[in-house]
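Tertiary structure, described
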Amino acid sequence: MFDQDVLVIGAGLAGMRAALAAAGNGASVAVITKVYPVRSHSNAAQGGINAALTDRGDKWEDHAYDTVKGSDYLGDQDAIEVMCREAGQEVINMEHMGTIFSRDDKGRLGVRAFGGQRQARTFFVADFTGQALLHVLHEQTLKHKVNVYEEWFVTSLLMEDGECCGAVAMDMRTGQLHVFRAKAVILASGGLGRVFEPSTNALICTGDGIGQAYRVGASLMDMEMVQYHPTTLKSNGALMSEAARGEGGYLLNSEGERFMKKYAPNMMELASRDVVSRAEQTEINEGRGVNGCVLLDCRHLGEKVIMERLLTIREAGIDFAGADMIKEPVPIRPGMHYIMGGIQTDVDGRTNVPGLYAAGETACVSVHGGNRLGANSLLDTLVFGKRSGNHASDLAKKTSFKNISDAAAEKDRSRIQALLDRKAGGEMFGKIRLEMGQTMNKHLAVFRSQQGMEEARDKIQELKGRYDKVVVQDKGKTFNTNLIFTLELGYMLECAEAIVASALERKESRGAHTRTDMPKRDDANWLKHVVVTRSEEGPKISYKPVVVTQWQPQERKY
Ligand SMILES: Cc1cc2nc3c(=O)[nH]c(=O)nc-3n(C[C@H](O)[C@H](O)[C@H](O)COP(=O)(O)OP(=O)(O)OC[C@H]3O[C@@H](n4cnc5c(N)ncnc54)[C@H](O)[C@@H]3O)c2cc1C
């Protein structure tokens, strides 16, 4: 058994920032991660991080307003204010810790424009911002002597007297399960992108933490709000960062028309993501697409800008679509990218389960509401990662360890042994996972309908039934990825069920939740969050009012 004041699950930007804050506040801290820390999915973030710096004539209030409008007024404005007010300091902290941000002609930190924002306020490191930030935070956690358990897989959260007091985790090298006892636990286990197929997310983004929190009674919020990014490659769902449009790239239909002028005449390609994705899907559905895509045209930016600022996405275009953006337009389409919802928290990361915190993509504060603005997620990870780390380490100072022992892992040991004992020959995880992903992508995508979502609900129930009999072929102990993928699928199905239940509940169109059968936003009845908790009978729905501080809902025009 391992004891620490604060246990952080996840070594992406949210987890690392939380660990650093907790260690800085005097706590003993352990971080558990199923992959090597700098392979966490934050590594893939390309375009940048938002902050309103006053020396650019920008104001945090303007950033907050753009975020509120981008969220289609579903974001909680008190939380958005916190995030936007603290953004500048976080970006400067990261620079001081060693992030080499790209510079402008005057030698200051450079900014680029991102969607849904009236001012260029996205700070960046070429098109690998997440990687640059993550490496710096990893160095910092080493410096602060945080214990990082790499390639350890958390199987469940531990509860005692109604409080979260640790977790069970498998050392993937040996297959052994161990108990981590903690005075506070911070879940920073990332998103659930791979519940959809395809997705821009890495194969590791399987919603484990969301599923685990749901199983111990945590409330999930805004789960129906799933972002489809406007520019993904058809072949494998890989992302072509919004930075391409931020630098001036155009979107064209099969007639060579910059079609965004019909949908967002002022902001054009830099309208918010839900608006651009809907516009693209409409062009494709009405026959003005090119093989199920529209075109991202960056040729006019010139080779120098592309090579300096869009290098990695140029390579992705060549490798996965056979198109070199310097010479030709790249075919792209909307693709699953991000979950705005997650484990419901307050601005200090506290969930409704005492002792359990959540931060980053796994959490829902809610600062993104119905639609996240590009480059606000990295900001969310840092601001709320730090706040969770501070609060959890303060809690640890006044809390004692629960009286649990290594026996607390017994339930998981028997669950996993039972799975391994099932005779070979039955169905493995792969087909169930693929059918789940394709179902979600068919019915919970850019446009949704009652009938489609009901089909998805029934299909997920069928898949859950099949999962109860799933077989793990590999009976080994060392790096048994067959077993890990099978465990992940269990959490993914919980997430899928919560998404569908929440989406069926919301009887209007708002942000990323666009229903063909209910196309209008309905503030009178639906200016509220859908909250879902787990019960024996299935997902249980309740509501939480949206917090409005200074920006009354208005019609959204870009
Ligand atoms: C291609 C791409 C580009 C993006 N670009 C941008 C951008 O430019 N700007 C922006 O703001 N946002 C961007 N985003 C979104 C942003 O990158 C993510 O939302 C954010 O990085 C998530 O960080 P996180 O710390 O919450 O989770 P992650 O970085 O995903 O980390 C999750 C951690 O949890 C661990 N974990 C998960 N389950 C378990 C388990 N069972 N046991 C142990 N460990 C576990 C993982 O090992 C990992 O360490 C992008 C997203 C994608 C997909």
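Just so it is clear, the structure is predicted and the values come from calculations on it, not from any experiment.

Before going further, it helps to spend a moment on the overall build of the protein. When helices and strands are tallied, the protein shows 16 helices and 19 strands. For the protein, the C-alpha radius of gyration of 22 Å lies close to 24 Å, the compact-globule estimate for 558 residues. Across its three principal axes, the protein shows a C-alpha extent of roughly 65 × 50 × 50 Å. The 558 residues of the protein split such that 61% are buried. In the structure as shown, the protein presents an accessible area of about 20,200 Å², 49% of it carried by carbon and sulfur atoms.

When their charged atoms lie close together, side chains carrying opposite charge are able to pair. Taken as a whole, this structure holds 63 salt bridges when the rule is applied. Note that Arg258 and Glu269 form a salt bridge whose closest N and O atoms lie 2.8 Å from each other. Linking Arg258 in the loop between strand S12 (250-252) and helix H7 (260-263) with Glu269 in the loop between H7 and helix H8 (273-285), this pair joins segments that are 11 residues apart in sequence. Among the residues examined, Glu269 registers a relative accessible area of 3% and is labelled buried. A salt bridge links Arg515 to Asp517, with the nearest nitrogen and oxygen atoms 3.1 Å apart. Here Arg515 falls in the buried class, since its relative accessible area comes to 0%. Among the charged side chains, a network of salt bridges with common partners joins Asp72, Glu224, Asp274, Arg278, Arg506, Glu508, Arg510, Arg521, Asp523 and Arg556.

Below, the discussion takes up the sheet that holds strand S5 (residues 122-123). As summarised here, the arrangement of the 3 strands in space is S3-S5-S4, forming an open sheet in which the pairing is antiparallel. Bordering the open sheet on either side are strand S3 (49-50) and strand S4 (111-112), each of which pairs with just one other strand. Two strands pair when backbone bridges link them, and S3 and S5 are joined in this way by 2 bridges, in the antiparallel orientation. Paired with Ile49 across the bridge in S5 is Phe123.

Time to look at the nonpolar core. Grouped together as the largest cluster of nonpolar side chains are 76 residues, with contacts concentrated most on Leu157, Met436 and Met440. In terms of residue count, the dominant contributor to this core is helix H15 (residues 481-505) (14 residues). Setting aside anything within four residues of it in sequence, one finds Met436 in contact with Arg194, Val195, Ile460, Leu463, Leu489, Met492, Leu493 and Ala496.

As defined by bridge partners, strand S10 (residues 220-221) adjoins strand S18 (residues 528-535) across 2 bridges and the pair is classed as antiparallel. Each bridged residue has a counterpart across the sheet, and for Met221 the counterpart in S18 is Val531. Sheet topology note: the S18/strand S19 (residues 538-545) ladder contains 8 bridges and is antiparallel. Counted as the bridge partner of Val531 is Ser542 from S19.

On the secondary structure map, Gln212 appears in helix H5 (residues 208-215). In sequence terms Gln212 and Gly355 are 143 residues apart; their C-alpha atoms lie 14 Å from each other. Those residues in contact with Gln212 that sit more than four places away from it in its chain are Val154, Thr155, Ser156, Leu157, Leu187 and Tyr491. Reaching out from Gln212, the side chain makes a polar contact with the backbone oxygen of Val154 at a distance of 2.9 Å.

Moving on: the environment of Ala264. Note that Ala264 resides in the loop between H7 and H8. Classification of Ala264 by relative accessible area gives buried; the value is 0%. Sequence-wise, Ala264 and Lys557 are 293 residues apart; in three dimensions their C-alpha atoms are separated by 7.0 Å. Apart from the residues within four sequence positions on either side, Ala264 is in contact with Ala271, Val275 and Tyr558.

The first and last C-alpha atoms of H8 sit 18 Å apart over 13 residues, in line with the 18 Å expected at 1.5 Å per residue. A large share of H8 lies buried, amounting to 11 of its 13 residues. Within H8, the full set of buried residues consists of Arg273, Asp274, Val275, Val276, Ser277, Arg278, Ala279, Glu280, Thr282, Glu283 and Ile284. For H8, the secondary structure elements touched by its buried residues are strand S11 (226-232), helix H6 (243-246), S12, H7, strand S13 (294-297) and strand S14 (330-339). Directly after H8, the chain includes Gly287, whose backbone phi takes a positive value near 90 degrees.

Ser40, Ser42, Gly47, Glu361 and Ser377 are the nearest of the 37 residues found near the ligand. In this structure, an oxygen atom belonging to the ligand sits 2.8 Å away from a main-chain N or O atom of Ala11. In the environment of the ligand, an oxygen atom lies 2.7 Å from a nitrogen or oxygen atom belonging to the backbone of Gly47. For the ligand, the protein covers 98% of the area, taking 1,000 Å² as the surface of the free molecule. Secondary structure elements with two or more residues in the shell around the ligand: helix H1 (13-24), strand S2 (29-33), strand S7 (152-160), S14 and helix H11 (377-397). Of the residues that constitute the shell around the ligand, the class distribution is 15 nonpolar, 18 polar and 4 charged.

Backbone-to-backbone hydrogen bonds join strands into a sheet, with any given pair of strands oriented parallel or antiparallel. Judged by pairing direction, the sheet is antiparallel, and its 4 strands sit side by side in the order S11-S14-S13-S12 without closing on themselves. Strand pairing shows two members of the sheet lacking a second neighbour, S11 and S12, which therefore form its edges. Ignoring which end each strand starts from, the neighbouring axes of this sheet average 45 degrees apart. Note that S12 and S13 share 3 bridges and pair antiparallel. From the neighbouring strand, Leu252 faces S13, where its bridge partner is Leu295.

Let's shift gears to the packing of helix H12 (residues 410-421) against H15. For the pair H12 and H15, interaxial distance at closest approach is 12 Å and the crossing angle is 115 degrees. Crossing handedness for the pair H12 and H15: right-handed. Along the contact surface, H12 presents Arg415, Ile416, Leu419 and Leu420, while H15 presents Leu483, Thr486, Leu487 and Tyr491. Of the residues belonging to the contact of H12 with H15, the class tally is 6 nonpolar, 1 polar and 1 charged.

Turning our attention to the packing of aromatic side chains. Across all of its chains, the model carries 10 aromatic pairs by this definition. Ring plane angle 90 degrees and centroid distance 5.5 Å describe the contact between Trp152 and Phe180, whose orientation is recorded as edge-to-face. Highlighted residues: Trp152 in strand S7 and Phe180 in strand S9 (residues 176-187), separated in sequence by 28 residues. Here Trp526 and Tyr543 contribute two aromatic rings whose centre-to-centre distance is 5.9 Å and whose plane-to-plane angle is 75 degrees, an arrangement assigned as edge-to-face. A residue pair is termed long-range when its members are at least 10 positions apart, and Trp526 in helix H16 (residues 523-526) and Tyr543 in strand S19 qualify at 17 residues. Each member of the aromatic cluster is reached from another via a ring pair, and the members are Phe2, Tyr149, Trp152 and Phe180. In this structure, Arg112 is placed above the aromatic ring of Phe124, and the distance from its NZ or CZ to the ring centre is 3.9 Å. We note Arg372 situated over the ring of Tyr338; from NZ or CZ to the ring centre the distance is 4.1 Å.

Parameters at a glance
Residues numbered from 1 in each chain as written. Predicted model: local features only at pLDDT ≥ 70, side-chain atom pairs only at ≥ 80, totals over all residues. Heavy atoms only, no water. Helix = DSSP H or I, 4+ residues; strand = E, 2+ residues; numbered from the N terminus. Rg over C-alpha atoms; globule rule 2.2 N^0.38 Å. Buried < 20%, exposed > 50% of the residue type's maximum accessible area, 1.4 Å probe, protein only. Areas by Shrake-Rupley, 256 points an atom, 1.4 Å probe, with all protein chains shown as cover. Salt bridge = Lys/Arg side-chain N within 4 Å of Asp/Glu carboxyl O. Pairing = 2+ DSSP bridges. Core = buried A, V, L, I, M, F, W, Y, C linked by side-chain atoms within 4.5 Å. Contact = heavy atoms within 4.5 Å. Polar contact = N/O pair within 3.5 Å; in protein donor to acceptor, adjacent residues only side chain to side chain. Expected span 1.5 Å × (residues − 1). Near = heavy atom within 4 Å. Nonpolar A, V, L, I, M, F, W, Y, C, P; charged D, E, K, R; others polar. Axes fitted to C-alpha atoms, helices over the stretch in contact; angles between N-to-C directions. Left-handed = near helix turned anticlockwise from the far one by under 90°. Phe/Tyr/Trp six-rings, centres within 6.5 Å; stacked < 30°, edge-to-face > 60°. Lys NZ or Arg CZ within 6 Å of the ring centre and 35° of its normal.

Everything listed here is a matter of coordinates, which is why it stays silent on function.
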